[in-house]
Number of protein chains: 2
Amino acid sequence: MAEIDLSSIASPADIRKMSIEELRQLASEMREALIRKLSVHGGHVGPNLGMVEAVLALHYVFDTPEDKIVFDVSHQTYPHKMITGRMQAFTDPAHYDDVTGYTNPKESEYDLYSLGHTSSAVALAAGLAKARDLKGGKENVVAVIGDGSLSGGVAFEGLDYGATLGSNFIVVVNDNQMSIAENHGGIYADLRLLRNTNGTAEPNLFRAMGYAYRYVHYGNDLRSLIDMFRSVKDSPVPVVVHINTMKGMGLAAAEMDKEEFHYSGPFNPQTGAPLNEQPESDEPTDYSELFARKMMAMMKENRQIATITAGTPGVLGFDAARRREAGKQFIDVGIAEQAAVDVASGLAKAGVRPVMGVVSSFLQRAYDQFSQDIALNRQPATFVVFYGSMFGMNDETHLGFFDIALLSNIPNLLFLAPTCREEFEAMLEWSVRQDKTGTIIRVPGGRMTSNSEIEILEDYSEPIYDIVRKGGDVALIGAGTMFGNMQKAADILEKEGIAVTLINPRNLSTLDGATLDLLKDYRLIITAEDGILDGGFGQKVASYMGDYPVKVINLGLPKEFLNRFSAKELLSECGMEPEQIAHAAR
Amino acid sequence: MAEIDLSSIASPADIRKMSIEELRQLASEMREALIRKLSVHGGHVGPNLGMVEAVLALHYVFDTPEDKIVFDVSHQTYPHKMITGRMQAFTDPAHYDDVTGYTNPKESEYDLYSLGHTSSAVALAAGLAKARDLKGGKENVVAVIGDGSLSGGVAFEGLDYGATLGSNFIVVVNDNQMSIAENHGGIYADLRLLRNTNGTAEPNLFRAMGYAYRYVHYGNDLRSLIDMFRSVKDSPVPVVVHINTMKGMGLAAAEMDKEEFHYSGPFNPQTGAPLNEQPESDEPTDYSELFARKMMAMMKENRQIATITAGTPGVLGFDAARRREAGKQFIDVGIAEQAAVDVASGLAKAGVRPVMGVVSSFLQRAYDQFSQDIALNRQPATFVVFYGSMFGMNDETHLGFFDIALLSNIPNLLFLAPTCREEFEAMLEWSVRQDKTGTIIRVPGGRMTSNSEIEILEDYSEPIYDIVRKGGDVALIGAGTMFGNMQKAADILEKEGIAVTLINPRNLSTLDGATLDLLKDYRLIITAEDGILDGGFGQKVASYMGDYPVKVINLGLPKEFLNRFSAKELLSECGMEPEQIAHAAR
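This structure is a prediction, so every number in the text was calculated from the model and none was measured.

Trainee: Mind showing me how you'd approach the overall build of chain A here?
Mentor: Check the secondary structure of chain A and you find 24 helices and 16 strands. Expected size for 586 residues packed as a compact globule is a radius of gyration near 25 Å; at 26 Å, chain A falls within 12% of this value. Viewed in the frame of its principal axes, chain A has a C-alpha envelope of about 80 × 55 × 55 Å. Excluding contacts between residues fewer than 6 apart, the proportion of contacts in chain A whose partners are at least 24 apart in sequence is 75%. When the accessible surface of chain A is split by element, carbon and sulfur atoms take 48% of a total near 19300 Å². Put simply, chain A has 53 plus and 78 minus side-chain charges, and the middle of one group is 3 Å from the middle of the other.

Trainee: Explain the relation of the copies chain A and chain B here, please?
Mentor: Related by rotation about an axis and a shift along that axis, the two copies of the chain form a pair. Screw-axis analysis of chain A against chain B gives a translation of 0.0 Å along the axis, an RMSD of 0.0 Å, and a rotation angle of 180°. Both chain copies can therefore be described as sitting about a two-fold axis. Same-surface contact between copies: 100% of interface residues of chain A are shared with the interface of chain B.

Trainee: Hey, could you run me through the pattern of salt bridges in this one?
Mentor: Should their charged atoms come close, side chains of opposite charge can pair. All names here are of chain A. Following the criterion strictly, the structure yields 68 salt bridges over all chains and no others. Here Arg-586 ties to Glu-496 by a salt bridge, and the two come within 2.7 Å at their closest N and O atoms. On the criterion of sequence distance, the pair formed by Arg-586 in the segment after α24 (578–585) and Glu-496 in the loop between α20 (483–495) and β14 (500–504) is long-range, its members being 90 residues apart. A residue is classified by how much of its surface remains accessible, and Arg-586, at 43% relative accessible area, is partly exposed. With relative accessibility at 42%, the residue Glu-496 sits in the partly exposed group. Each of Glu-283, Lys-294, Arg-421, Glu-425 and Glu-429 takes part in a single network of salt bridges with overlapping partners.

Trainee: I would appreciate a short explanation of the interface of chain A and chain B in the present structure.
Mentor: One widely used convention gives an interface's size as the accessible area the parts lose upon coming together. Contact with chain A, which involves 103 residues of that partner, is made by 103 residues of chain B. Taken as a group, A:Leu134, A:Glu157 and A:Phe561 account for 8% of the area that chain A buries against chain B, more than any other trio of residues on that side. Where chain A meets chain B, there are 2 salt bridges. On the surface where chain A and chain B come into contact, there are 38 residue pairs in polar contact (both at pLDDT 80 or more). By residue number, the principal contributor to the side of chain A that touches chain B is helix α7 (residues 121–135) of chain A, which donates 10 residues. Considered class by class, the residues forming the side of chain A that touches chain B number 42 nonpolar, 38 polar and 23 charged.

Trainee: How should the sheet that holds strand β7 (residues 330–332) of chain B be read in this particular structure?
Mentor: For sheets, the rule is that strands pair by backbone hydrogen bonds, running either parallel or antiparallel. Residues and elements named next belong to chain B. With respect to topology, 6 strands assemble into an open sheet ordered β7-β6-β8-β9-β11-β10, the strand pairing being parallel. The open sheet terminates on both sides in strands that have one partner only, identified here as β7 and β10 (413–416). Direction aside, the axes of adjacent strands within the sheet are offset by 20° on average. Relative to strand β11 (residues 438–442), helix α19 (residues 421–433) is tilted by about 165°, and along the sheet it contacts β6 (305–309), β8 (353–359), β9 (382–386), β10 and β11.

Trainee: Would you mind going over the environment of B:His262 with me for this structure?
Mentor: Residues and elements named next belong to chain B. Along the chain, His-262 turns up in the loop between α12 (252–256) and α13 (287–301). Residue His-262 is classed as buried on the basis of its relative accessible area of 8%. As for His-262 and Ala-181, which are separated by 81 residues in sequence, their C-alpha atoms are 8.1 Å apart. Apart from the residues lying within four places of it in its own chain, the contact partners of His-262 are Gly-43, His-44, Val-45, Gly-46, Pro-47, His-75, Ser-179, Ile-180 and Lys-247. A polar atom in the side chain of His-262 sits 2.8 Å from the side chain of Lys-247.

Trainee: Quick question: what am I supposed to make of the pairing of β14(A) here?
Mentor: Put simply, side chains in a regular strand alternate between the two faces of the sheet. Residue and element names in this part refer to chain A. By the criterion of burial, β14 is predominantly enclosed, with 5 of the 5 residues buried. With 3 bridges joining them, strand β12 (residues 466–469) and β14 adopt antiparallel strand pairing. Note on β14: the bridge partner recorded for Ile-467 is Ile-503. Taken together, the 4 bridges between strand β13 (residues 474–478) and β14 define a ladder with parallel strand orientation. Bridging from a neighbouring strand, Leu-476 pairs with Leu-502 of β14.

Trainee: Help me out: how do you make sense of a negative patch on the surface in this one?
Mentor: A grouping of A:Asp257, A:Glu260, A:Glu277, A:Glu280, A:Asp282 and A:Asp319 is seen on the molecular surface, where their side chains present a negatively charged patch. Along the chain, the position of A:Asp319 falls in the loop between β6 (305–309) and α14 (320–326).

Trainee: Honestly, the packing of aromatic side chains in this entry has me stumped. Any pointers?
Mentor: How two aromatic rings sit relative to each other is given by the distance of their centres and the angle of their planes. Overall, the coordinates contain 28 aromatic pairs over all chains when judged by the stated rule. Between A:Phe62 and A:Phe229, the ring centres sit 6.2 Å apart and the planes meet at 50°, which makes this aromatic pair tilted. With A:Phe62 in the loop between α4 (52–61) and β1 (68–71) and A:Phe229 in helix α11 (residues 222–232), the pair connects residues that are 167 residues apart, well separated along the chain. Judged by its relative accessible area of 0%, A:Phe62 falls in the buried class. Overall, the relative accessible area of 0% leaves A:Phe229 in the buried class. Between the aromatic rings of B:Phe318 and B:Phe330, the centroid separation amounts to 4.6 Å while the plane-to-plane angle is 25°, which identifies the pairing as stacked. On the criterion of sequence distance, the pair formed by B:Phe318 in the loop between β6 and α14 (320–326) and B:Phe330 in strand β7 is long-range, its members being 12 residues apart. Judged by its relative accessible area of 10%, B:Phe330 falls in the buried class. An aromatic cluster of three or more residues is present, and its members are A:Phe291, A:Phe318, A:Phe330 and A:Phe386. One cation-aromatic arrangement involves A:Lys349 over B:Tyr113; the distance from NZ or CZ to the ring centre is 5.7 Å.

Trainee: I tried to follow the side chain of A:Arg353 on my own but got confused; where do I start?
Mentor: Residues and elements named next belong to chain A. As for its placement among the helices and strands, Arg-353 is situated in strand β8 (residues 353–359). Among buried charged residues, Arg-353 stands out as having no salt bridge; its nearest opposite-charge side chain is Asp-435, 4.5 Å away. Every residue in contact with Arg-353, bar those within four places of it in the chain, is listed here: Gln-304, Ile-305, Ala-306, Ala-348, Pro-380, Val-432, Gln-434 and Asp-435.

Trainee: Is there a simple way to explain helix α17 (residues 367–376) of chain B in this structure?
Mentor: Side chains that are three or four residues apart share a direction in an α-helix, a result of its 3.6 residues per turn. Residue and element names in this part refer to chain B. The element α17 is extensively covered by neighbouring structure, given that 10 of its 10 residues are classed as buried. Residues of α17 that are buried: Tyr-367, Asp-368, Gln-369, Phe-370, Ser-371, Gln-372, Asp-373, Ile-374, Ala-375 and Leu-376. Two residues or fewer past α17, Arg-378 is found with a positive phi of approximately 45°.

Trainee: Would you take a moment to explain the packing of α7(A) against helix α8 (residues 153–162) of chain A for this structure?
Mentor: Residue and element names in this part refer to chain A. Where α7 meets α8, the axes come as close as 7 Å, and the angle between the chain directions of the two elements is 25°. Accordingly, the angle class assigned to the pair α7 and α8 is roughly parallel. The hand of the α7/α8 crossing is left-handed. For the pair α7 and α8, contact is made by Val-122, Ala-123, Ala-126 and Lys-130 and by Ala-155, Gly-158, Leu-159, Tyr-161 and Gly-162, respectively. Split into classes, the residues belonging to the contact of α7 with α8 amount to 6 nonpolar, 2 polar and 1 charged.

Trainee: Help me out: how do you make sense of the sheet that holds strand β2 (residues 141–146) of chain A in this one?
Mentor: Residue and element names in this part refer to chain A. Spatial ordering of the open sheet is given by β1-β2-β3-β5-β4, a layout of 5 strands whose pairing is parallel. A single partner strand is all that each edge strand has here, and the edge strands are β1 and β4 (212–216). Averaged over all pairs of adjacent strands, the angle between their axes in this sheet comes to 20°, without regard to strand direction. Examined bridge by bridge, β1 and β2 share 4 bridges and lie parallel to one another. From the neighbouring strand, Lys-68 faces β2, where its bridge partner is Val-141. Sitting on the sheet, α7 touches β1, β2 and β3 (169–175), and the angle it makes with β2 is about 175°. The strands touched by α11 within the sheet are β3, β4 and β5 (238–244), with β4 carrying the most contacts at an inclination of about 165°.

Trainee: Whenever I open this one, α11(A) confuses me. Can you help?
Mentor: Residue and element names in this part refer to chain A. Residues Leu-222, Leu-225, Ile-226, Met-228, Phe-229 and Val-232 constitute the buried set of α11. Projection of α11 onto a plane perpendicular to its axis shows the buried side chains occupying an angular sector of 165°, all on one side. Packing partners of the buried residues in α11 comprise α2 (20–41), α4, β3, β4 and β5. At the C-terminal side of α11, Asp-234 shows a positive phi close to 65°.

Trainee: Teacher, can you tell me more about the packing of α4(A) against α11(A) here?
Mentor: Two quantities define a packed helix pair, namely the angle between the axes and the distance from one axis to the other. Residues and elements named next belong to chain A. Closest axis-to-axis distance for the α4/α11 pair is 9 Å, and the angle between their directions is 40°. Judged by the inter-axis angle, α4 sits oblique to α11. Where α4 crosses over α11, the two elements pack in a sense that is right-handed. Mapping the contact onto sequence places Glu-53, Ala-54, Leu-56, Ala-57, Leu-58, Tyr-60 and Val-61 in α4 and Leu-222, Leu-225, Ile-226, Phe-229 and Arg-230 in α11. Counted by class, the contact of α4 with α11 contains 10 nonpolar, no polar and 2 charged residues.

Definitions and cut-offs
- Each chain carries its own residue numbering, running from 1 in the written order of its sequence.
- Written order determines the labels here, with chains lettered from A and ligands numbered from 1.
- Where totals are concerned, whole chains, interfaces and linings use all residues; where local detail is concerned, this predicted model gives features only for residues with pLDDT of at least 70, and gives and counts side-chain atom pairs only at 80 or more.
- Computation of side-chain values covers all heavy atoms of the structure but excludes hydrogens and water.
- Secondary structure elements follow DSSP: runs of H or I of four or more residues count as helices, runs of E of two or more count as strands, with numbering from the N terminus.
- When we talk radius of gyration, it's over C-alpha atoms, and the globule rule is simply 2.2 Å times the number of residues to the 0.38.
- We call two residues in contact when some of their heavy atoms are within 4.5 Å.
- Here the open area of atoms and residues is found with the Shrake-Rupley method and a 1.4 Å probe, where only the protein chains shown may cover a residue.
- The charge count treats Lys and Arg as positive and Asp and Glu as negative. His and the chain ends do not count.
- A charge is said to be at NZ when it belongs to Lys, at CZ for Arg, at CG for Asp and at CD for Glu.
- Here the copies are superposed with least squares, the fitted atoms being C-alpha atoms of residues at a pLDDT of at least 70 in both.
- Definition used for salt bridges: Asp or Glu carboxyl oxygen within 4 Å of a side-chain nitrogen of Lys or Arg.
- Classification of residues uses two cut-offs on accessible area relative to the type maximum, computed with a 1.4 Å probe and protein chains only: under 20% is buried, over 50% is exposed, and between them is partly exposed.
- Accessible area that two parts lose when put together, evaluated with a 1.4 Å probe and summed over both, is termed the buried area.
- In the analysis that follows, any N or O atom pair within 3.5 Å is treated as a polar contact, provided that within protein one partner can donate a hydrogen and the other can accept it, and provided that, for residues neighboring in sequence, both atoms belong to side chains.
- Classes in brief: Ala, Val, Leu, Ile, Met, Phe, Trp, Tyr, Cys and Pro nonpolar; Asp, Glu, Lys and Arg charged; the others, Gly included, polar.
- Between any two strands, pairing holds if DSSP finds at least two bridges.
- Every axis corresponds to a line fitted to the C-alpha atoms, with the helix fit spanning only the stretch in contact, and the corresponding angles, defined between N-to-C directions, vary from 0 to 180 degrees.
- In this scheme, patches are assembled from residues that exceed 30% relative accessible area and form no salt bridge. Like charges are connected within 9 Å, while nonpolar side chains (Val, Leu, Ile, Met, Phe, Trp, Tyr) are connected within 5 Å.
- To pair, rings of Phe, Tyr and Trp, with the six-membered ring standing in for Trp, must have centres within 6.5 Å; the planes then decide the type, stacked if under 30 degrees apart, edge-to-face if over 60, and tilted in the middle.
- We call a charge positioned above a ring when the Lys NZ or Arg CZ atom is no farther than 6 Å from the ring centre and deviates by at most 35 degrees from the ring normal.
- Each angle gets one of four labels, with under 35 degrees taken as roughly parallel, over 145 as roughly antiparallel, 65 to 115 as roughly perpendicular, and the rest as oblique.
- Here a crossing is called left-handed whenever its near helix is offset anticlockwise from the far helix by less than a right angle, and right-handed whenever the offset is clockwise.
- The arc refers to the directions leading from the helix axis to the C-beta atoms.

Written out as C-alpha cells, the structure reads:
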C-alpha cells in the first residue's frame, strides 16, 4: 500500500473517497504520527490511540459537519482534529501547540463544544436532536461516550431523556474497559456480559433504558465499524452502538498499562518509559504523594478511616499498589462526584471518617450534595481539593479557581486554606479526628513549600487568623497559596522601614471578626487569594470593613474562563507578585 | 375489628406485636387521620397516602432504628413519623405543626437525614452500608426511592456504586407511576413492562445494574409487603424490591388527579375541592401564571422557542392543558436538572431558543452544566428561577436564597434581577430574542408587583444600573425583590428632607463601574438583596468601593440553613424593613 500524504487530508471529504484499504493505511499513519507527537509532547495517549478507527469510520459514514457528533470529555478527539483541517498540529512539531487537547468551536466548525468534563455529551446531543426535530431537519445526531464516563449521573439523565425523542439519536458507547483507572460500578458487569456474548445477553442496560442496541466486537476494525455505522445512519429511533475498542492500541506500553497511559507526559516511543520521571524520594515532593502517604498511615492506624475518589485515584497519589494495600478502606465510586460526596456523608453518619480527594474543577458537580447532605446535615467528612489554584490545570474546561466562591458560601461547611505542607498535614489530621463539621481543605498551588514555624492549632473549627507579624498601619492578608507572596511583600516593605501586619487567615468560610476589628483604624488592608475575586474571601473582608474608614484592596483573579494561560503572567496581571503588592501598600 | 387507639403507638415496637388484621386496621385509621390533617393543613397528599402500608411493613419487618432506612425526598414519611413517636402531630390539630414535612434527625432517632431534594437516598444509604461493612456490623440498610426520583443522576450513581457493595443493601423502589406530574424518560417504559409482567420481563434495569430483583404487584397489601420484606431481610447481596403502589390511595380525588394532589393546600375531604382556591382572573396574579401565559404566547408566535422543566411543570404554570397545547415545544426531562440544562444548551446551539423554569433550591444540582455547557460555551439559553427569595419555600431543605451567590459568580453568565412584573416580562422577551449570552432571570419574591414607570432597556446584556432618583450623598441600591423596600426607604428619607440616590441594579453578575464611580464621593451606599450576603451582590460593591472613602453597608441574609422561618421576621432581623433602611441611612 502506498503511503498517504497526511498533509493532503484537509477535511472528511478527503477520506470519504478512500477505499477501506486506504483508510487502513491512513489509520496506521495517523497512529504513528500520534505516537510521535505524544512521545515528545505528552497528552491523552490511550483514549486517542484506541479511537483512531472509530473516528475515521464516523466521519466516513456520517456527513459531518451537517451530521453532528458530540464527543464526551473530548479527550479522544486528536484523530478527529487530524482529519478536520488540523493535521499539521499532529505532524509538525513546530505546530504541536496550535490546537487544544479538547474540542473547541473556535478551532473548527466540526467541534461543537468546548468540552472537558465527563458525561455531558449525551444530554447535549439530545438537545441538538430535539432542536432538529423542532426545526424539521434531517441530520444525524451522534453522541460518543466512553464506558468510564457512563457512571456520571448526567450521562444517565441524558440517556433517559434521549430515549424519549422517538427520532434519530445515535449513542456510540466506546467501551475500552477502562475509566482513567479501572471501572467501578454495577453497570460494568453488564457491559462485560454484553462483550462476552457478542451483545446478545440480557439484561441489557441500554435496552432497559429504551434504546435499540447494536454491538461491534472488533471496535478497531474499520470494516466492522463502517458497516455498523451505515446500518444505523438515519435510524428513525434512538439507538446505542456499543463498540469494543482497545485503549492505547498500537503502543505496547499503553496497551499494557492503560492507567499510566491514559494521560502521559513525554515518553520513549519504543519502551514507553517516561522521559521526565521524578527520582524516587524518601520525602514526598508533591501534595498527591504527601496526601497518599498520610492517608495510608492514618488508615493503618484506624480501620474506620476511608479514602474516597470519584474515578481519579492518581490525583490522590493512590496508585494500584496503594489501592491494593488500602483494600476496603479505599473507595472508588467511578466518575460520580455526587455519589462520592453522598457516600462520604453516609460513612460519616455511621461513624467512619471519610476523606475524599477531588479535583477542583470536578467537585462543582456535587454542589447540591455538599450543601444538602454534608453541610445541612453537619456530617464530618473531609474533602481535600487538588489543583484548586491558578497553578493547577490551565485548560478553560479544567480551571481550578472557582472553588472558593463555590464552596465557602455554603453554611456549616468549613473551608480551610493551608499555606504550606505542615499546615496541610495538621488540618488534615484535625479534620479526621473531629466530629463537628464537614471540612474542605484546599491544597496549596504550585510547588510544595515547607514552613516549620507555622503555628498549628488544636482545633480549626472556629475562624482564628494567624497574626504572623504585627506592626504598622498596613495589613496584608494572604490566603492559602497567596500567603507566600504576601510574606515576601512584607519582607520588602520591612526592609524599607514600613512595618506591616501579616495575616494567614486559615479559614475562608467565616470571618474572624475579632481580628478584623483590630484593623479597623488601619490605613489599608490588602487581601490576596488564589481564586476569583467575585464571591471569594477578600470581598467578605471588604464588606465587613465597609462601615470603617480603613481602605481595602482585594487582589485575586478575574471572573473569566481563561484558556491555556501562563500562571506566572496571570499572577502579575492580577498584581500579586510580591513587589506589586508592596507597591500597592506604599 | 376493634378500633386501635392511635395514641398508644409510641414506637415501631408497638406495631411489631400486631397481627396482620390489626395492622390493616391501623393502616386504615392512619389513613383517615392523614386525610383529616391534610384536608385542613395541606401537605404532600399522594406520596403519603400511597405509602401507609409499605412504611408499616418496613418497620414491622426491619429492626429499626438498628436497621437503617433512608427515605428519598422524605416527603412520604408522614406514616413513618406517626409510628415513630410523633403520632400526636397527625391526630391533634393543636400539634399539627410540631413536625416538619421531611425526615429530621432533630425530631427522632428514626430519621437519619434532613432531606428534601430527590434522588440522594440510594447513595447515602450505600455509604451507611459501606460503613457497616468496615465496622463489621450486621444491620440491614434500606433505601426507599420513588419511581419519579429515579431519573435524577445521583440516584443512578448511587445504584451503580451500591451494586458493588457485595453485601446487604436493599433498595425499595416505590413505583406509583408518577413523578410530581407524569414521568418522562426511557426507564419508565421498562418499569411499566416489569409491572405488566409481574416483574418477570427482560430487559430489567435493575438486574442490568447488578441487583437481585423482586417485585410486589400489590404494593398496598400488607401481607404481600411483609412477606417480601421478610424474604430480603438480611440479604447478603444488594437487592431491589420493586413495589407497585397507588399514589393518593384512599382519597378518591387524589387517586383521580395525582398531580394536583402530589402536594395540596387545604381541601374538602369528601370532594377534594380546594378550600382556598384563587378565583379565576383575566390578569395573572402570580409569576407562574404570568410566565406560562407569556411563554405560550411566544411559543405560538415562534415555533422555535421551547419551554423546559425538570419535573416541576406546575411551578412554571404549565398545567396538563397547557402542556398538551404546547406539544413538542414543552419539554419535561423528568427530575434531571443536569440534563435539562444540557438539553437547553443543545437546543440553543442548534438555533432554538430554550427557556427553562426551575426552582431556586433545585437548580444547584446543575452548577457544572451552567458553568461548562452554558457559560463557557456562551449558549443563549434562558433560565427563569422561581422561589429564589426569602419569600419562597421556608424548609431548610428548600431554601431559595443561595442562588445569587451560586450563579452570579460564573463568568459569561448574565444574572438579571427584575424588580416587578413589567421588568420581568421585558427581560424575558429580550433574553429570548438575543443570542449573546446565557441568562438567569430571577423571579422577584413575594406578591407580584407592578410598576408601569419602570425603564425598559433594548438590551440587558451590559450592566446598566437604573438611577431611579438622583440626589444627596446617600445611595440606596436595591436588587430585585429588595428594590421595593429601598424605594419606600427613599420616600421616608425624602419626606424628612434627605435627598437620596435610588438605584435598581438590574444586573447582579457584573458591576456597572461607570455608575458606581459616580458614587465614590458619597457619604454612604447601602445595598440590599434577597439572598445571602456571602458571595452575593453587595459584597462586590463593597469590594469595588474599598479604595474610596465612601462607606458601604451591605444588607442581606445570613449564611445559615434557616428552617421554617417567618420571612417577615427575617426581613426585620436583617434590617431590611423600609424604616430600618432609612434609619441606617440617617
